[in-house]
Structure formats: C-alpha cells, structure tokens
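The residues making up each chain are set out below.
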Amino acid sequence: MIVVAKLKAQEGKEATLEAALRDMVKKVASEEETEAYTLHKSSKDPVLFMFYEKYKNADALKFHSATPHFKALFATIQPMLAEPPDIEMYKELAALDRP
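Predicted model only: the values in this text are computed from it and were never measured.

S.K.: I'd like to hear about the packing of helix H2 (residues 58–66) against helix H3 (residues 68–77), residue by residue, with values.
M.R.: Axis separation between H2 and H3 bottoms out at 4 Å; the angle between their running directions is 55°. Relative to H3, the element H2 is oriented oblique. Residue-level contacts link His-64, Ser-65 and Ala-66 of H2 to Pro-68, Phe-70 and Lys-71 of H3. Per-class residue counts for the contact of H2 with H3 are three nonpolar, two polar and one charged.

S.K.: Could you give an account of the nonpolar core, with specific residues and numbers?
M.R.: Counting residues in hydrophobic clusters, the biggest one holds 20 residues, and the most contacted among them are Leu-17, Leu-21, Tyr-37, Phe-51, Tyr-55, Leu-73 and Ile-77. Mapped by element, the contributors of at least two residues to this core are strand E1 (2–8), helix H1 (14–28), strand E3 (48–55), H2 and H3. Per element, the largest residue contribution to this core is five residues, and it comes from H1. Apart from the residues within four sequence positions on either side, Ile-77 is in contact with Leu-7, Leu-17, Ala-20 and Leu-21.

S.K.: Please provide a residue-by-residue account of H1, values included.
M.R.: The end-to-end C-alpha distance of H1, which contains 15 residues, comes to 21 Å, matching closely the 21 Å that a straight helix rising 1.5 Å per residue would cover. Within H1, the full set of buried residues consists of Glu-14, Leu-17, Glu-18, Ala-20, Leu-21, Met-24 and Val-28. For H1, the buried positions fall inside an angular range of 165° around the axis, keeping them on one side. What points out from H1, more than 90 degrees from its buried face, is the exposed set Ala-15, Arg-22 and Lys-26. Looking at the buried residues of H1, the elements they touch are strand E2 (34–41), E3, H2 and H3.

How each quantity is defined
- Residues numbered from 1 in each chain as written.
- Predicted model: local features only at pLDDT ≥ 70, side-chain atom pairs only at ≥ 80, totals over all residues.
- Heavy atoms only, no water.
- Axes fitted to C-alpha atoms, helices over the stretch in contact; angles between N-to-C directions.
- Helix = DSSP H or I, 4+ residues; strand = E, 2+ residues; numbered from the N terminus.
- Parallel < 35°, antiparallel > 145°, perpendicular 65-115°, else oblique.
- Contact = heavy atoms within 4.5 Å.
- Nonpolar A, V, L, I, M, F, W, Y, C, P; charged D, E, K, R; others polar.
- Core = buried A, V, L, I, M, F, W, Y, C linked by side-chain atoms within 4.5 Å.
- Buried < 20%, exposed > 50% of the residue type's maximum accessible area, 1.4 Å probe, protein only.
- Expected span 1.5 Å × (residues − 1).
- Arc of directions from axis to C-beta.

Distances and angles like these do not, on their own, reveal function.
Structure below.
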C-alpha cells in the first residue's frame, strides 16, 4: 500500500514545517510494518514537501494513522500549512528493489 502526501507550508514557515516533518521520520522508524517513509522537498517550490510512504498492508497504514506521533504531527503542523494536505493512495504495480 502506497501513500503520497503533499504538504504546502505557509510562506516563511518552511523551516519549521521541515523540522517537524523530519522529526516524524525518526518516530516512524519504530513502526515495523512501515516499509518506506521518505520525506522530499520540491526543487522548484521551496514551500512544497512530499512524503512517499509504503506500508506492508492496510492494517499497517491504519496502525500508523492511529499512533500518538501521527496525531501530534497534524496538531503541530496545522497552523503552518497553506492548504489542507493532498493525500493520494496507490497500488504498487512494479518496483526496482535494490539491497
């Protein structure tokens, strides 16, 4: 199960949002069934961030969404966002996996 989440910071709040999102990556590391959780920043738009998330299954995503650190993140970043997050779900069709 793949999730792509795009978050747009308010002008001037990019660094604070980035710090909160980087901290979230550290916290998600403890979630055993989260297979990938990578944070990206747009090279064209410095206020646009994107998470690429890969979960073992729907239960793993449900677990992630119910964690205290997930709930705390959204409470923390809400005032920093220029607009609601854009969250899309995908089904993986093909992948290149390297060790």
